Each structure stands twice: as C-alpha cells, then as structure tokens.
Amino acid sequence: MADGGSAHAVLRIQGLRKAYAGHAVLHDIDLSVAERETVCIIGPSGAGKSTLLRCINWLEVPDGGAVFLSGTRIGVRPGGAVAMSDAELARMRTQIGFVFQHFALWPHLNVIDNVMAAPVHVQRRPRGEVRREAEALLAKVGLSDKQGAMPARLSGGQKQRVGIARALAMRPALLLFDEPTSALDPELVGEVLAVMQDLARDGMTMVVVTHEMAFARAAASRIVFMDQGRIVETAAPEAFFTAPRSDRARQFLQRYASSPDPHPPVAFATGPSLSRDAGKGL
Ligand code: ADP
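Remember, predicted model here, so these are calculated numbers, not experimental data. (Residues numbered from 1 in each chain as written. Predicted model: local features only at pLDDT ≥ 70, side-chain atom pairs only at ≥ 80, totals over all residues. Heavy atoms only, no water.)

Caption draft 1: Focus on unusual backbone geometry. Backbone geometry places Ala-21, a non-glycine residue, at a positive phi of 50°. Locating Ala-21 in the fold gives a position in the loop between β1 (9-20) and β2 (23-34). Positive phi, close to 50°, is recorded for Gln-228, a residue that is not glycine. The exposure class of Gln-228 is exposed, given its relative accessible area of 57%. (Helix = DSSP H or I, 4+ residues; strand = E, 2+ residues; numbered from the N terminus. Buried < 20%, exposed > 50% of the residue type's maximum accessible area, 1.4 Å probe, protein only.)

Structure below.
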C-alpha cells in the first residue's frame, strides 16, 4: 500500500490545515472515510465545511497535512516534497466526483452529451460503452425521458440530478457534495435528496456537506459536526441527533429544532421513481 493509506479507507485526511490571510479556517483535521460510507458534515455557516471539501481534491491547496485517496497522496508526489503537476492532479481528480451547489452543465450540450463528455474526452473511453452507462445513470436519477433535452429546459432539481449522473459517469471512487440542494426551490429538494439517499443505499462512498438534517439522519453512516474549523464531534446519526455529546452540537441542533426542517424524510418517498437495477455495477 502507498504511503499513509489505511486498509479500507477510500479517503484519509491527516492533520489538514488551511488559513486565509493569516486567519485559520481549518485546524488539524483528521478524518477517514471507509468504502461504502456516507459521511454527512454538518455545522454552522463559516465552520470550514466547504473549505474542507475543496481541500480534499486540491481545489484549495492546504497549508499543511495530507489527503490520501485509496492510499495515494493527493497533490504531492510520493515522498511528500514535490507538488504534483497539473496533469497528475487532473488524473487524480477524475477519481473524485464533485457535486456543487450550482452545477454548471454545458449549456450547448444536451443531457446525455453532458453526462458523456468527460468519460469520452478526458478518460478516452469508448463512446458506445460510455453511452450505455450514461443511459443507465440517467435512468438511475429518474431522467431517462430527458436524454435529449437541453439544460435550459430543465428545472433546478433536474439539472442537479444530471450533475450527479455526470459525476458518476467518471466511475469515481469518492463523491463529494457541497450543499447540493441549498440553491433549489424547496419543492425540488426532495427529488435530489432521494437520488442521494439511493446512492448511499447502493454503497457509493460519499462525503456530503448539508443543512438537510432529516436527510443526514436517514442517509448518513456517520455524522461529522464541525465548528470554527474543527471537527467537534463524530457520531452515528441516531446518537448524534438524539444525544449529542458536545455543547456546541446541542446548541446547533436546538436552533434547528426551533425552525422545523422543511424537508422531512417523507419527501424521499415523493422523489422520482428510481430504477434499482439500472446502473447496477457502475
Ligand atoms: P462553511 O462551508 O462551513 O460555511 P467555509 O469553508 O465556506 O465554511 O468558510 C470558512 C471560513 O473561511 C469563513 O470564515 C469564510 O469566510 C472563509 N473563507 C472561505 N473561503 C475563503 C477565501 N477564498 N478567501 C478568504 N476567506 C475564505
């Protein structure tokens, strides 16, 4: 095994630090995510959640610490002294899918071409094989009937589901979600959470930054609670939501309890009907 990876950790973060203009935003973050785990990162605004996600795939370069994907260090060549070239970094990034708050689809490509673009042009995989997988992925996110549609004709929820299919089309080892539903109209949130819940059940390895507490409680294998650039608490979802150990988590959850979650788990049942068999083994 390459330097620093533990047996089944898809992601391993060690001592990660990041500051902006002398202001520390992440302090010595340690976190491992095992294969098939869904880790939900929650915490107040400004806690460093988004910065942590962006440091994982080197969209932000950390000031210290190390990130390993399936045992291989990201951003730095073996030995730890020399930064990876852009090409090396780009190759590693193909193994990490990233779903942003605003997923910018190619406006001039229809839905299936959006999903196929990176596997064909970046991974240089055969078109026919990629098309079959893209069709299966679009079925999986409930958009078989939109393959030929242009992005401008889609709702925000549909665009975000295409974004998820597009990330999956690279066959990533790890999927990162940065508040994927926070820019959506409330009535469209449930259909995106339903897709994510389905992926979690299928055993996709995911790290999800979210404010959707009902989703986190239902879908997470583990909750990571962050505040002021630190991981304050890590716990199983039921334990975290019923008996948080830290005062800061308790206060955070109390604030949520006093403003009821607008998207209770029942929303998952009203999402698109997902074909459980489509895309299996992708
Ligand atoms: P969260 O995702 O938990 O809301 P962020 O990671 O977005 O938190 O931000 C953590 C802190 O880092 C905030 O104080 C934010 O203002 C600061 N920050 C984030 N990105 C930058 C940046 N590019 N330049 C300067 N400060 C930043």
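Caption draft 2: Local environment of the pairing of strand β10 (residues 230-235). Where strand β9 (residues 222-227) meets β10, five bridges bridge the pair, whose relative direction is antiparallel. The residue bridging Val-224 from the neighbouring strand is Thr-234, located in β10. Linking β9 to β10, which pair antiparallel, is a turn of two residues; within it Gln-228 sits at a positive phi near 50°. (Pairing = 2+ DSSP bridges.)

Caption draft 3: Geometry of the pairing of β9. Most of β9 is tucked away, with six of its six residues classed as buried. Side chains Arg-222, Val-224 and Met-226 of β9 all project onto a buried face; the interleaved residues Ile-223, Phe-225 and Asp-227 project onto the opposite face, where all are buried too. The pairing of strand β3 (residues 38-42) with β9 spans four bridges and is classified as parallel. Bridged to Val-39 within β9 is Arg-222.

Caption draft 4: How the structure looks around the pattern of salt bridges. What the rule picks out here adds up to 14 salt bridges. We note a salt bridge from Glu-129 to Arg-171, for which the minimum N-O separation is 3.5 Å. Taken together, the residues Glu-129 in helix α4 (residues 127-140) and Arg-171 in the loop between α5 (156-168) and β7 (174-178) connect sequence positions 42 residues apart. For Glu-129, a relative accessible area of 28% puts it in the partly exposed group. (Salt bridge = Lys/Arg side-chain N within 4 Å of Asp/Glu carboxyl O.)

Caption draft 5: Geometry of helix α3 (residues 111-121). With respect to burial, α3 is a largely interior element, eight of its eleven residues being buried. Burial in α3 covers these residues: Val-111, Ile-112, Asn-114, Val-115, Met-116, Ala-117, Pro-119 and Val-120. Tucked into the core, α3 has its buried residues touching α4 and α5. Its side-chain oxygen placed 3.3 Å from the backbone nitrogen of Ile-112, Asn-110 serves as the N-cap of α3. (Contact = heavy atoms within 4.5 Å. Polar contact = N/O pair within 3.5 Å; in protein donor to acceptor, adjacent residues only side chain to side chain.)

Caption draft 6: Spotlight on the nonpolar core. Among the nonpolar cores identified, the biggest contains 51 residues, and Ile-164, Phe-177 and Phe-240 are the most heavily contacted of them. Sorting elements by how many residues they give to this core places helix α6 (residues 186-202) first, with eight residues. Val-33, Leu-69, Ile-74 and Val-207 belong to the second largest nonpolar core, which has 32 residues in total. (Core = buried A, V, L, I, M, F, W, Y, C linked by side-chain atoms within 4.5 Å.)

Caption draft 7: Region of interest: the environment of Met-170. The topology assignment puts Met-170 in the loop between α5 and β7. Taking the C-alpha atoms as reference points, Met-170 and Ala-118, 52 residues apart in sequence, are found 7.0 Å from one another. In contact with Met-170, other than residues within four places in its own chain, are Thr-94, Ala-118, Pro-119, Val-122, Gln-123 and Arg-125.

Caption draft 8: Expanded view of the layout of surface pockets. One number sums up the size of the largest pocket: a volume of about 590 Å³. If you trace the largest pocket, you find 20 residues lining it, with Arg-93, Ile-96, Ala-118, Arg-166 and Met-170 closest to the centre. For the lining of the largest pocket, the secondary structure elements donating two or more residues are α2 (86-93), β6 (96-99), α3 and α5. The dominant element in the lining of the largest pocket, judged by the number of residues it contributes, is α3, at four residues. For the lining of the largest pocket, a count of residues per class yields 13 nonpolar, five polar and two charged. (1 Å grid on protein atoms, 1.4 Å probe; cavity = no way out; pocket = protein on both sides within 12 Å on 5 of 7 lines; lining within 4 Å. Points joined across faces, edges and corners; volume = space filled by probe spheres on them. Nonpolar A, V, L, I, M, F, W, Y, C, P; charged D, E, K, R; others polar.)

Caption draft 9: Representation of the packing of aromatic side chains. All chains considered together, the criterion is met by five aromatic pairs. With centroids separated by 5.2 Å and ring planes inclined at 90°, the aromatic side chains of Phe-240 and Phe-241 adopt a geometry described as edge-to-face. Just as Phe-240 is buried, Phe-241 falls in that class too. Centroid distance Phe-252 to Tyr-256: 5.1 Å. Interplanar angle 55°. Geometry classified as tilted. Here Phe-252 pairs with Tyr-256, and both are found in helix α9 (residues 247-258), just four residues apart, close to one helical turn. Relative accessible area serves as the criterion here: at 25%, Tyr-256 is assigned to the partly exposed category. Through pairs of rings, three or more aromatic residues link up here, namely Phe-225, Phe-240, Phe-241, Phe-252 and Tyr-256. (Phe/Tyr/Trp six-rings, centres within 6.5 Å; stacked < 30°, edge-to-face > 60°.)

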